[in-house]
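# Residue-level structural notes
In case you want the letters, here they are:
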Amino acid sequence: MKSSKLSDLVRVREMGNTESVTGGEGDNSSVPPQDGSGSESGMSSNSNAPAQNLTVVLLSGLSPELVCHADGVGGGTEEFYQRINVDSPLTCGFSGPNGGPGRFPRPNFFPGGGGDGGGGPRPEHIAASFKISALGGLDDQIGYLKRSVLLPMLRPEVLRENGIKAPKGIMFYGPPGTGKTFLAKALVNELKDNGQHVNFFYRKGGDVFSMWFGESARKLTEVFNTAKSMAPSIIFFDEIDGLCPNRTGQNHGTEAYNAVTTCFLGQMDALKTERVFVIGATNRLDAVDPAVRRPGRFDKHLSFGFPDQEARARIFRIQTDKWERDDRPTEDWIQNLAVQAIGYSGADIEKLCKDVVYVAIDENGGVITDSMRIREDHWLRAMGNMQRTSASNFGSAQINPSKPNDTVFRLIEPIVTSAIEKITPFILPQRGNAESIRKSLILCSVAGSQSKNFLRNQIVQGILCNRIFNKMTIFEISEETVFNQIAKGKPTTVSVFHNIINQVLDCTQPAVLVIPNLNEVMATAKESRVENQIVGALAKIRGPNIILLATSSEPLEKLEGNIWTELFNGEKRGIPVANPRRAQLVGFFSGMLEKSESFLVAQMGRAAQVADNDCFEDIMVLYSTLERMVNQYRAAGASGKEQEKALQQRVDQTITNYSQTRFR
Ligand SMILES: Nc1ncnc2c1ncn2[C@@H]1O[C@H](COP(=O)(O)OP(=O)(O)OP(=O)(O)O)[C@@H](O)[C@H]1O
Ligand SMILES: [Mg+2]
């Protein structure tokens, strides 16, 4: 047989903005027809193609970060592509041999989850709706999987002969509802659509213990053995932290867990074939035993974050395209929804697209009628009722920013804009030794008058919602996350800091770590005599891909100790948060008025004068009180001079009260 060197195997052809790389082992004449009849995108099966015929579709658009993260994984996959003379970034899909009954055993489909039904492990049936095209915003992850999983599984000999080692496993991690399970299943369908059957074995971490009590390790071995005998196979361990929990954690040092983790490690080490691939999924990478995570077992950790605005728009489109109704949101409205839905996961958006129908049905008296329309206000109401995925539910320090309401945003916009100007240079790549790069900034209340809550819940959120953070994963060490983790078994505050900082360092995407109220954190650390340990933990945050954004409710001068040298390269990098001044406040207060309420302009000017240089929170209290009065007036439909005068007096009185007491 002729050697299957890549240069012999591969040809490249242009297909619009896709390129298809085609080859037939030992027989270049078996390249599928290039008139597009075989496979337009290279994704559909070519039943006439000889076995081992391979079509690789290369699509541009993979992020450079991902390309560089792939380094060292799979023993030089990137080089592989360079050698076939195609530029990264790229992704690939396959149309290959129909695995067919002769080559691979056909599975007994066994719908449902995770059991072996008493007859040994069986592969899962995967519904056809699990399609890669039904996912929004996971292009990097999809591209990586296509390059690093599908190719080694389909053509192991090609990689072997070219000295490339395929990864054995990939760990998916990220918050709930971000598409981890969906993508694993869609991967199998992607192969199937290309005529390549792969058996998919699904196991859920905790279930392994509850279902197979006393014989978990033996059953686990069976899954690996069956997957090997039915190769090509993918074994998907969902919630793998339930299967192999971090043994350093307080609750998991038990014999049963140890036995399963040891068995799992042994099985992974013994896995010598590229035709069995293992995917683990978890919400928290740090909750998985470190021995399981290390290279050689799970070679790559693939981060799944909350979708950015563009991805959210795509998910809204995907979800509402399924509707058999003709009142799907317009493109403009989808864009608007995507802006509003900041911080939503894919699953949250899916739920919202269902909830909105129920809101409309409710309003329609609980019935669906032909005349029922889903309107924009239904969407807003459904959004108002949404309870989004919360990071604290799953012990991850990852957060999703929530946009301040429009009024607050109008008030803080100048501060947010100046903060973004200061932060932007830190987002751009910086040269130099990664170890010496520290991208840390502190948002500090100039006069010490802003409350810590307002800084964290409004100003920081307003900043994080800016599009410069779209592609970044956001973590937070707040009092809540610290308590939460201690409750979940982390014994000390210092270990929580290390744990969260490790989550940030493990993140394969550019990340932001937010530490609200750094001044109080450091003061408490000092009291508890752990100041140096906390600073030591924070000092691990360095490098070109991590930004530290802290807040301080006191001026910078009050922050003492070695924090500046350790975190900020000796510079006091502050973003001052000054109180708003009268000139800005005139526009702010008048903004609540409609034309017919122009008789209140003088009052609004007075409000601005009285609130000049007050902290944001106080100003918001005054604004809301005045706004309520104006709304009541509006709702009453009042218009006579007397009513106007009465309202002016009430407003004046409220402003006077404010000036005397600041409502406190
Ligand atoms: N990026 C996305 N694009 C489109 N839909 C998505 C996306 N992410 C999630 N979804 C929707 O949310 C549902 C739940 O996603 P999935 O089960 O894959 O989440 P997960 O990350 O595995 O969550 P968990 O950690 O809780 O297991 C999917 O069925 C899909 O409809
Ligand atoms: Mg899942």
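Overview of the structure. (Residues numbered from 1 in each chain as written. Chains lettered and ligands numbered in written order. Predicted model: local features only at pLDDT ≥ 70, side-chain atom pairs only at ≥ 80, totals over all residues. Heavy atoms only, no water.)

### Considering the overall build of the protein
The condition is simple: By the criteria applied, helices consist of DSSP H or I runs no shorter than four residues and strands consist of E runs no shorter than two, each listed in order from the N terminus. Surface exposure here means Shrake-Rupley accessible area, sampled with a 1.4 Å probe, where a residue is shielded only by the protein chains that are shown.
Along the protein, the regular secondary structure elements total 26 helices and 14 strands. As presented, the protein carries roughly 28800 Å² of accessible surface, and 50% of it is formed by carbon and sulfur atoms.

### Focus on the site of ligand 1
Worth spelling out the cut-off: A single heavy atom is enough: if one lies within 4 Å of a molecule or strand, its residue is considered near that molecule or strand. Each polar contact in these results corresponds to two N or O atoms within 3.5 Å; when the atoms are within protein, one needs to be able to donate a hydrogen and the other to accept it, and residues that are neighboring in sequence are counted only if both atoms are side-chain atoms.
If you check the shell around ligand 1, you find 18 residues, and the closest are Gly-136, Gly-177, Lys-180, Thr-181 and Asn-283. Take Gly-136: an N or O atom from its main chain is 2.9 Å from a nitrogen atom of ligand 1. Within the side chain of Lys-180, an N or O atom sits 2.7 Å from an oxygen atom of ligand 1. Within the complex, 82% of the 630 Å² of free accessible area of ligand 1 lies under protein. Breaking the shell around ligand 1 down by element, the ones donating at least two residues are helix H7 (180–193), helix H12 (309–321) and helix H14 (346–363).

### Considerations on the packing of aromatic side chains
Worth spelling out the cut-off: Two rings from Phe, Tyr or Trp (for Trp, the six-membered ring) form a pair when their centres sit within 6.5 Å of each other. Planes less than 30 degrees apart are called stacked, planes more than 60 degrees apart edge-to-face, and all others tilted. Accessibility here uses a 1.4 Å probe with only protein chains present; expressed as a share of the type maximum, an area under 20% marks a residue as buried, one over 50% as exposed, and anything in between as partly exposed.
The full count for this structure, using the stated rule, is 15 aromatic pairs. With centroids separated by 6.2 Å and ring planes inclined at 15°, the aromatic side chains of Phe-264 and Phe-298 adopt a geometry described as stacked. Within this pair, whereas Phe-264 is found in helix H10 (residues 255–270), its partner Phe-298 is found in the loop between helix H11 (290–293) and strand S9 (300–303), the two being separated by 34 residues in sequence. Exposure class is identical for Phe-264 and Phe-298. Each is buried. Note on Phe-588 and Phe-589: the rings are 5.5 Å apart at their centroids and 70° apart in plane angle, and the pair reads as edge-to-face. Phe-589 sits in the buried class, given a relative accessible area of 0%. Through a chain of ring-to-ring contacts, three or more aromatic side chains come together here, namely Phe-224, Phe-237, Phe-264 and Phe-298.

### Section: the sheet that holds strand S5 (residues 169–173)
The condition is simple: Being paired, for any two strands, means DSSP has found at least two bridges between them. To define axes, lines are fitted to C-alpha atoms, for helices over the stretch in contact only, and angles between the resulting N-to-C directions are given on a 0 to 180 degree scale. When checking whether two residues touch, look at their non-hydrogen atoms; a contact exists if any pair is within 4.5 Å.
Within the open sheet, the five strands sit side by side as S6-S7-S8-S5-S9. Their pairing is parallel. Every interior strand has two partners, whereas the edge strands, strand S6 (199–204) and S9, have only one. With direction set aside, neighbouring strand axes in the sheet form an average angle of 20°. With six bridges joining them, S6 and strand S7 (residues 233–238) adopt parallel strand pairing. Within S7, the residue paired with Arg-203 across the bridge is Phe-237. On top of the sheet, H7 reaches S5, S6, S7 and strand S8 (276–282); it is set at about 170° to S7, its chief contact.

### Topic: the pairing of strand S12 (residues 511–515)
Of all five residues in S12, five are buried; the element is thus mostly enclosed. Where burial is concerned, the two faces of S12 agree: the one with Ala-511, Leu-513 and Ile-515 and the one with Val-512 and Val-514 are both buried. Relative to S12, strand S11 (residues 473–476) runs parallel, the two being bridged by four bridges. Looking at the pairing, Glu-476 lines up with Val-514 of S12.

### With respect to the packing of H12 against H14
To keep things clear, this is the line we draw: Should an angle fall under 35 degrees it is taken as roughly parallel, and over 145 as roughly antiparallel, whereas 65 to 115 is taken as roughly perpendicular and any remaining angle as oblique. Take the far helix as the reference: if the near one is turned anticlockwise from it by less than a right angle, the crossing is left-handed, and if turned clockwise, right-handed. Following the grouping adopted for this structure description, the nonpolar residues are Ala, Val, Leu, Ile, Met, Phe, Trp, Tyr, Cys and Pro, the charged ones are Asp, Glu, Lys and Arg, and the polar ones are all others, Gly among them.
Packing of H12 against H14 leaves a shortest axis separation of 9 Å and a crossing angle of 40°. With respect to H14, the element H12 is oriented oblique. The two elements H12 and H14 cross, and the hand of that crossing is right-handed. Only Gly-346, Ile-349, Glu-350, Leu-352 and Cys-353 of H14 make contact with H12, whose side of the interface consists of Arg-312, Ile-315, Phe-316, Gln-319 and Thr-320. Across the contact of H12 with H14, the residue classes break down as five nonpolar, three polar and two charged.

### Examining the environment of Leu-548
One can find Leu-548 in strand S13 (residues 546–552). Taking the C-alpha atoms as reference, Leu-548 lies 9.6 Å from Phe-475; in sequence the two are 73 residues apart. Excluding residues that lie within four positions of it along the chain, Leu-548 makes contacts with Lys-439, Ser-440, Leu-441, Leu-513, Ile-515, Ile-541 and Leu-567.

### Focus on the side chain of Ser-553
Considering the arrangement of structural elements, one finds Ser-553 in the loop between S13 and helix H22 (563–568). By relative accessible area, which is 11% here, Ser-553 ends up buried. Those residues in contact with Ser-553 that lie beyond four places of it in its chain are Ser-445, Gly-448, Gln-450, Lys-452, Leu-455, Asn-517 and Asn-519.

### Considering the environment of Met-604
Structurally, Met-604 is set in helix H24 (residues 601–611). C-alpha separation for the pair Met-604 and Val-586, spaced 18 residues apart in sequence, amounts to 6.6 Å. For Met-604, the contacting residues outside a window of four places in its chain are Phe-589, Ser-590, Met-592, Leu-593 and Leu-626.

### A word on the pairing of S5
Consecutive side chains of a regular strand alternate in pointing toward one face of the sheet and then the other. Most of S5 sits inside the fold, with five of its five residues counted as buried. Covered by surrounding structure in S5 are Gly-169, Met-171 and Tyr-173 together with Ile-170 and Phe-172, the residues of both alternating faces. Strand direction decides the pairing type here: S5 and S8, joined by five bridges, are parallel. Among the inter-strand pairings, Tyr-173 is bridged to a residue of S8, identified as Thr-282. Bridge analysis of S5 against S9 gives four bridges, and the strand direction is parallel. The residue of S9 that forms the bridge with Phe-172 is Leu-302.

### Comments concerning the nonpolar core
Keep this limit in mind: Each nonpolar core is a collection of buried residues, namely Ala, Val, Leu, Ile, Met, Phe, Trp, Tyr and Cys, held together in the definition by side-chain atoms within 4.5 Å. Reported domain spans reflect what an automatic or database domain assignment gives.
Membership of the largest hydrophobic core comes to 60 residues, with the highest contact counts inside it found for Phe-264 and Leu-513. Among the elements that make up this core, the one with the highest residue count is helix H19 (residues 493–506) (six residues). Counting contributing residues per domain, this core is built from domain 1 (6–98 + 116–303) and domain 3 (406–577), each supplying no fewer than three. If sequence neighbours within four positions are ignored, Leu-513 has contacts with Phe-475, Glu-476, Ile-477, Ile-500, Ile-501, Val-504, Ile-541, Ile-547, Leu-548 and Leu-549. By size, the runner-up hydrophobic cluster in this structure holds 54 residues, among which are Val-416, Leu-464, Ala-607 and Ala-608.

### A look at helix H25 (residues 616–635)
Put simply, the rule reads: What a helix should span is 1.5 Å times the count of its residues minus one.
Spanning 20 residues, H25 covers 28 Å between terminal C-alpha atoms, matching the ideal 28 Å at 1.5 Å per step. Among the residues of H25, Phe-616, Asp-618, Ile-619, Met-620, Leu-622, Tyr-623, Thr-625, Leu-626, Met-629, Val-630 and Tyr-633 are the ones counted as buried. Elements that come into contact with the buried residues of H25 comprise helix H16 (406–427), helix H17 (452–464), strand S14 (574–577), helix H23 (582–590), H24 and helix H26 (641–661). Where H25 ends, the next residue or the one after it, Gly-637, has phi of about 65°, a positive value.

So yeah, pure geometry; function would need other evidence.
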